[in-house]
Amino acid sequence: MALLGGVYAATSDTGPVRVDTLVRWGAKAGPLVTEVGQGWRLLVANLLHRDLAHLGLNLLVLAVVGTAAERTLHRGDYVALLLGSALGTMAGSLWWSSVVSVGASGMIFGCVGALLVLGRKPRGDGERGRYRWFSGEGALPTVLVFLWLGWTSAGVDNAGHLGGLLTGLLAGTVFSPRERAGDVTWTSRWLRPAGVVALSLGVAVGVTWEGSGWHVERDEGFGVAVSLPSGWRREEDAHGRRSFSNGLPGLGRATFSAEAIEAGEPGDGEVQARHFLEDELIAGVPGPHGQVRSVSGPEAAMLGGRPAQRVRAEVEGGAGATSLRAWFVPRGEWVYRLVFTWPASYPAYAAVVDRMVAELRLEEPAALREARARALLVPGAVGPLRALGSQLRRWGLAREAVEPLASAMRLAPADVPTRVELARALFESGQVEEGCHAAAEARVYGPSETAALEAGVRCELARGDAVRALSRLEEARAVDPRDARLRAAEAALRAALDVPGP
């Protein structure tokens, strides 16, 4: 009881005891146990309390139940009961509940559980009434009242209470009431209490190991698969991005968010990385991730077997210093933005993020798989072939897209969209002259179609003739002056021509 009071005085020395304070001092925070390896929290968390009322209630009950157990058991058995109940409490909480948990109530339930069993193991007629009182008239009503209060109240860790109670019941079957000094054996003095602690420790290790697994999250639409610790759950961030976190509300929080940015053209990871720096990571300025302390990048890297750009940053937020790593991976007309954050005060989390990065895979998107299936089911049809070629090009497989698009063009020579798609696939795969030939034929079949005229613009740009490309773009604008995309392209091209240099 003195230890519990002293620990509470230390934690509340700087003000109200908040969740971050409890986590900093050693509360049971599942991710920090299973992912960072801080198993010591399963013991220390039993010594912490949320507020004075929480502490006062536990001290009051401990003064009654704990004293009864201490007087009933040998000193070593009582210490083993407290240690085993503490481990059993937080192991149960870790297995069942994801909330941050603290408090000595699980150890109290352990004492109650031991007394329940000890009351059924009287040593003699003179002791029968006293031990019966523990199991019938005293302990059992206490158990029922506290369990009922737990199930009907918010913020109560019932899984922890049950874990402590079950540990106490088990210990009660092993221990015996205090015996005369002459009856004490080596087994009763050392082996039984050590066995109870060892068993509780084994259960705690097993629960921790079971919670340390990983699972794979997939986004079929964009073909991204990432391995995450089993305790991570999906959330939605303020911008509607797909996001995951370890569930902690403040200190110790780690997150992963993913977004696919549509570029409309072959994406550039460096451009998106610089946009990210300019919009969200301005040094010395508060941003969505906190106060930015330092930034580096973008720098060339590899992710999922593809070239990428990486940005590193250190930010300061309400939960303390946070490390941030952002990756920008171009894939066809998309750029994937993948952002990882973790608490700088727990550097072991860097290894967790490194594993997530190393095991991230870019798989075939669902739309591309469906296009392949349709092309196989209806061989020789123009529509499925054109759709397959278009999907291949959009997802960065321009060279592979040429064959189905060429086959579709041979089946329907007058189909302008197919010729335009073929021209784009040839340009994006580096076959400039072949692409220009396809663009010229598209204009023959569709002289007034803006898509065919735009293919001619791409031809001139691929050849490096920006002036002639602007002339072709003006022709396309004349055909469809309301096309906002063409208007923006013309403005950008004019701005580029005004810039000195090659």
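What you see is a predicted model; the values in this text were computed from it and never measured. (Residues numbered from 1 in each chain as written. Predicted model: local features only at pLDDT ≥ 70, side-chain atom pairs only at ≥ 80, totals over all residues. Heavy atoms only, no water.)

Colleague: Hey, could you run me through the pairing of strand S9 (residues 320–331) in this one?
Modeller: Residues in a regular strand project their side chains so that they alternate between the two faces of the sheet. Among the 12 residues that make up S9, 10 are buried, leaving the element largely enclosed by the rest of the structure. As defined by bridge partners, strand S8 (residues 306–317) adjoins S9 across 9 bridges and the pair is classed as antiparallel. Following the sheet pairing, Ala313 is matched in S9 by Leu324. Remark: 2 residues form the turn of the hairpin made by S8 and S9, two consecutive strands paired antiparallel. Of the pairings in the sheet, the one linking S9 to strand S10 (residues 334–343) comprises 10 bridges and is antiparallel in character. (Buried < 20%, exposed > 50% of the residue type's maximum accessible area, 1.4 Å probe, protein only. Helix = DSSP H or I, 4+ residues; strand = E, 2+ residues; numbered from the N terminus. Pairing = 2+ DSSP bridges.)

Colleague: Mind showing me how you'd approach helix H14 (residues 382–394) here?
Modeller: In an α-helix, one turn spans 3.6 residues, which is why side chains three or four residues apart end up on the same side. For H14, built from 13 residues, the straight-helix expectation of 18 Å at 1.5 Å per residue is met to within 8% by its first-to-last C-alpha distance of 18 Å. Taken residue by residue, H14 has Pro384, Leu385, Leu388, Gly389, Ser390, Gln391, Leu392 and Arg393 as its buried positions. On its buried face, H14 sits against helix H13 (366–377), helix H15 (398–411) and helix H16 (416–428). Immediately beyond the C-terminal end of H14, within one or two residues, lies Gly396, with a positive phi of roughly 85°. (Expected span 1.5 Å × (residues − 1). Contact = heavy atoms within 4.5 Å.)

Colleague: What is the right way to look at the pattern of salt bridges in this model?
Modeller: Here the idea is simple: oppositely charged side chains can pair when their charged atoms come close. All told, the structure shown has 29 salt bridges when counted by the stated rule. Shared partners join several salt bridges into a network, and the residues in it are Glu262, Glu265, Glu333, Arg393, Arg394, Glu421, Arg424, Glu428, Glu454 and Arg458. (Salt bridge = Lys/Arg side-chain N within 4 Å of Asp/Glu carboxyl O.)

Colleague: Could you clarify how one ought to interpret the packing of helix H6 (residues 75–96) against helix H9 (residues 158–174) in this entry?
Modeller: Packed helix pairs are specified by the crossing angle of their axes together with the interaxial distance, meaning the distance between the axes. The geometry of H6 relative to H9 is characterised by a closest axis approach of 7 Å and an angle of 140° between their N-to-C directions. Here H6 lies oblique to H9, going by the angle between them. Both H6 and H9 take part in a crossing whose hand is right-handed. Counted together, Leu81, Gly84, Ser85, Gly88, Thr89, Gly92, Ser93 and Trp96 of H6 and Ala159, Gly160, Gly163, Gly164, Thr167, Gly168 and Ala171 of H9 form the full contact between these two elements. (Axes fitted to C-alpha atoms, helices over the stretch in contact; angles between N-to-C directions. Parallel < 35°, antiparallel > 145°, perpendicular 65-115°, else oblique. Left-handed = near helix turned anticlockwise from the far one by under 90°.)

Colleague: What am I meant to see in the packing of H14 against H16 here?
Modeller: Their axes nearest at 10 Å, the elements H14 and H16 cross at an angle of 30°. Here H14 is positioned roughly parallel relative to H16, judged by the angle of their axes. The chirality of how H14 crosses H16 is left-handed. Contacts between H14 and H16 involve Arg386, Ser390 and Arg393 from the former and Pro417, Thr418, Glu421, Arg424, Ala425 and Glu428 from the latter. Tallied by class, the residues present in the contact of H14 with H16 amount to 2 nonpolar, 2 polar and 5 charged. (Nonpolar A, V, L, I, M, F, W, Y, C, P; charged D, E, K, R; others polar.)

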